[in-house]
Amino acid sequence: MKRSLCGLMAVASAVVLTSCGGGGGSSKLRIAVVPKGTTHEFWEAIHAGAVKAERELNEEGVAVEIVWRGPLKEDDRDQQIQVVENFSAGNADGIVLAPLDDTALVGPVETAMDSGVPVVIIDSGLNTARYVSFIATDNHRGGVLAGEKLAELLEGRGRVILVRYQVGSASTTRREEGFLEAIAKFPDIAVISSDQYAGATRESAYQTCENLLRRFGQEVGGVFCPNETVTVTMVKALRDIGRAGGAVQVIGFDTGRQSIDDLRRGDLQGLVVQNPLRMGYDGVRTVVAHLRGETVEKRIDTGVMLATPAELDQPELQELLDPPIDRYLNPGDNP
C-alpha cells in the first residue's frame, strides 16, 4: 500500500482534469464521489473502489468518469455541503456521498434529488429517505461484535470505556449504540465513561484519550474505539503510560497500517473490519445503474467482520485488511 510521489501526483492531476468539465455537455456520465474526508486510509479504499467501478463500466461500454472531491478533515460540514451543492447545480450526473453529518447534509441531498441529480449514500446514514440507495456496513452489528468480544476478553467482569467519535456521525453513533447494548448484557461489566468525544483529528483524539487515561488509566480493563482515528490514538496513549500490550484490552474499528501493526504486536486485541473498497465500487455502479433506468436496491449491506491477532493471516481477511489500493490509485506502479 505504499504510494510513490509520482503516483499521487497522477491521481491529483486526474481529479483536477475531470473537475473541469460540465455535467450536461459530456458524452460520459459524470459521477461525483464525495467522502467525509480525504486523509484517512479508509477513504483511499473508497476512492479505489470508485475507480475500479469506473474502469469496469468503461470496459463494458458504459462511458463513465468519476470526480473525487471532499473536505480535507471530517469535521468540515460547510465544505462538504458546498461540494454537494456545486455538483447538484449541473456539474454532475449523479453523486455518491458519505455524509459527515446525518442532519446537516439532508437539505443538500434533497435539493440534488429535486434537481434531477440522483444521490447514493455510502458509509454513514442520513436523516431522510430521499436518496436512491444506502450502501454501508451494518454498523450496529459491528458495535455488537466489538462489545461481545471485549466482554469475552474480560471474562464477563471489569470496567470499560467507550470513546465516542463525533456528534452527527451516523455510522459511528450506530457502532457506539451496538457496543453499549452488547455490554449491557453483562451485569459485572461497568461502563465508567461513555460521553467523551474524540473529534475528527488525531490531535483532538489523542488529547481525549490522554485525559480519559489520566482519570481512569489504572482502573480501566477494556476500551472500545469506534473508528480508525480513535483506535490509533488510544493505543498510542496506552503505550505512553505503559499499559499497552494487553494490560488494557482494546477493540478498535477500521483497518489501517498502524492498527494492523498494533494488532500484530498485541497492543490491540481486536479490530472490526469493514469493506470500504466495496462501498466505493457499489456506490458508483448503483448510481450508474439508476441513471440507466435499472432498478436498484434501497439498502445494500457491505458486510462486517472482527479480526483478532490469531486470525490476521486468514485468506478471507486479507483483502479487507490490505485492500489493493495501489492497483487503482497508483497504476504506474502496477503495470
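Just so it is clear, the structure is predicted and the values come from calculations on it, not from any experiment.

**A short note on the pairing of strand E3 (residues 94-97)**
So, point 1. Neither face of E3 is exposed, since Gly94 and Val96 on one face and Ile95 and Leu97 on the opposite face are all buried.
So, point 2. Relative to E3, strand E1 (residues 29-34) is paired through four bridges, and the arrangement is parallel. When the bridges of E3 are listed, valine 33 appears paired with valine 96.
So, point 3. Judged from the three bridges that link them, E3 and strand E4 (residues 119-122) form a sheet pairing that is parallel. Bridged to isoleucine 95 within E4 is valine 119.

**What about helix H4 (residues 106-114)?**
So, point 1. Those residues of H4 lying buried are Val106, Pro108, Val109 and Ala112.
So, point 2. Buried-residue contacts for H4 involve helix H3 (77-91), E3 and E4.

**Digging into unusual backbone geometry**
So, point 1. One non-glycine residue, aspartate 123, lies in positive phi territory at about 70 degrees.
So, point 2. Inspection of the secondary structure assignment puts aspartate 123 in the loop between E4 and strand E5 (133-136).
So, point 3. For aspartate 123, a relative accessible area of 3% gives the class buried.
So, point 4. Its identity as a non-glycine residue notwithstanding, aspartate 254 has a phi of 85 degrees, on the positive side.
So, point 5. Tracing the chain through its elements places aspartate 254 in the loop between strand E9 (249-253) and helix H9 (257-265).
So, point 6. We classify aspartate 254 as buried; its relative accessible area is 6%.

**Topic: helix H8 (residues 228-240)**
So, point 1. For H8, built from 13 residues, the straight-helix expectation of 18 Å at 1.5 Å per residue is met to within 8% by its first-to-last C-alpha distance of 18 Å.
So, point 2. Burial of H8 is extensive: 10 of the 13 residues sit out of reach of the surface.
So, point 3. Between the side-chain oxygen of the N-cap and the backbone nitrogen of threonine 229 there are 3.4 Å, and the N-cap of H8 in question is asparagine 227.
So, point 4. Trailing H8 by a residue or two, glycine 242 shows a phi angle of about 75 degrees, which is positive.

**Let's talk about the environment of isoleucine 300**
So, point 1. Summarising the element assignment, isoleucine 300 is placed in strand E11 (residues 299-301).
So, point 2. Residue classification places isoleucine 300 among the buried positions, given a relative accessible area of 12%.
So, point 3. Sequence separation between isoleucine 300 and glycine 283 is 17 residues; the distance between their C-alpha atoms is 9.6 Å.
So, point 4. With near-sequence residues (within four places) excluded, isoleucine 300 lies in contact with Ser133, Phe134, Ile135, Ala136, Arg278, Asp282 and Thr286.

**Description of the pattern of salt bridges**
Pairs may arise between side chains of opposite charge once their charged atoms sit close together.
So, point 1. A complete count under the given rule lists 23 salt bridges for this structure.
So, point 2. The partner of arginine 257 in a salt bridge is glutamate 41, with the nearest N and O atoms 3.2 Å apart. Here arginine 257, found in helix H9, pairs with glutamate 41, found in helix H2 (residues 41-59); they are 216 residues apart in sequence, far enough to count as distant.
So, point 3. Among the ionic pairs, glutamate 228 bridges to arginine 202, the shortest N-O distance being 3.7 Å. Taken together, the positions of glutamate 228 in helix H8 and arginine 202 in helix H7 (residues 202-216) put the pair 26 residues apart, joining distant regions of the chain.

**Remarks on the pairing of E4**
So, point 1. Burial along E4 is two-sided: the face carrying Val119 and Ile121 and the face carrying Val120 and Ile122 are both buried.
So, point 2. Each parallel crossover has a hand, and the one from E3 via H4 to E4 is right-handed.
So, point 3. Sheet topology note: the E4/E5 ladder contains three bridges and is parallel. Its bridge partner being in E5, valine 120 is matched across the sheet by serine 133.

**Quick word on the sheet that holds E3**
So, point 1. Strand order across the open sheet formed by six strands is E2-E1-E3-E4-E5-E11, with parallel pairing between neighbours. The open sheet has two free edges, formed respectively by strand E2 (64-68) and E11, since each of these has just one partner strand. The average angle at which neighbouring strand axes cross in this sheet is 20 degrees, direction not considered.
So, point 2. Relative to the sheet, H3 contacts E1, E2 and E3, its axis offset from that of E1 by approximately 170 degrees.

**Section: the packing of aromatic side chains**
So, point 1. Tallied over the entire structure, the rule returns four aromatic pairs.
So, point 2. Ring centres 4.8 Å apart and planes at 90 degrees place the aromatic pair phenylalanine 42 and tryptophan 43 in the edge-to-face group. Taken as a pair, phenylalanine 42 and tryptophan 43 share a single burial class, namely buried.
So, point 3. Among the aromatic residues, those joined into a ring-pair cluster are Phe179, Phe224 and Phe253.

**What to know about the sheet that holds E9**
So, point 1. Taken in spatial order, the six strands make up an open sheet running E7-E6-E8-E9-E10-E12, and their pairing is mixed. Only two strands of the sheet have a single neighbouring strand rather than two, namely strand E7 (189-197) and strand E12 (305-307). Strand-to-strand twist across the sheet, computed as the mean angle between neighbouring axes with direction ignored, equals 20 degrees.
So, point 2. Summarising the sheet, strand E8 (residues 222-224) and E9 pair through three bridges and their orientation is parallel. Bridged to glycine 222 within E9 is glutamine 249.
So, point 3. Strands in contact with helix H5 (residues 139-153) are strand E6 (158-164), E7, E8, E9, strand E10 (270-273) and E12; relative to E9, the strand with the most contacts, it is inclined by about 165 degrees.

Criteria and thresholds
Residues numbered from 1 in each chain as written. Predicted model: local features only at pLDDT ≥ 70, side-chain atom pairs only at ≥ 80, totals over all residues. Heavy atoms only, no water. Buried < 20%, exposed > 50% of the residue type's maximum accessible area, 1.4 Å probe, protein only. Helix = DSSP H or I, 4+ residues; strand = E, 2+ residues; numbered from the N terminus. Pairing = 2+ DSSP bridges. Contact = heavy atoms within 4.5 Å. Expected span 1.5 Å × (residues − 1). Polar contact = N/O pair within 3.5 Å; in protein donor to acceptor, adjacent residues only side chain to side chain. Salt bridge = Lys/Arg side-chain N within 4 Å of Asp/Glu carboxyl O. Right-handed = clockwise from strand over helix to strand, strands pointing away. Axes fitted to C-alpha atoms, helices over the stretch in contact; angles between N-to-C directions. Phe/Tyr/Trp six-rings, centres within 6.5 Å; stacked < 30°, edge-to-face > 60°.

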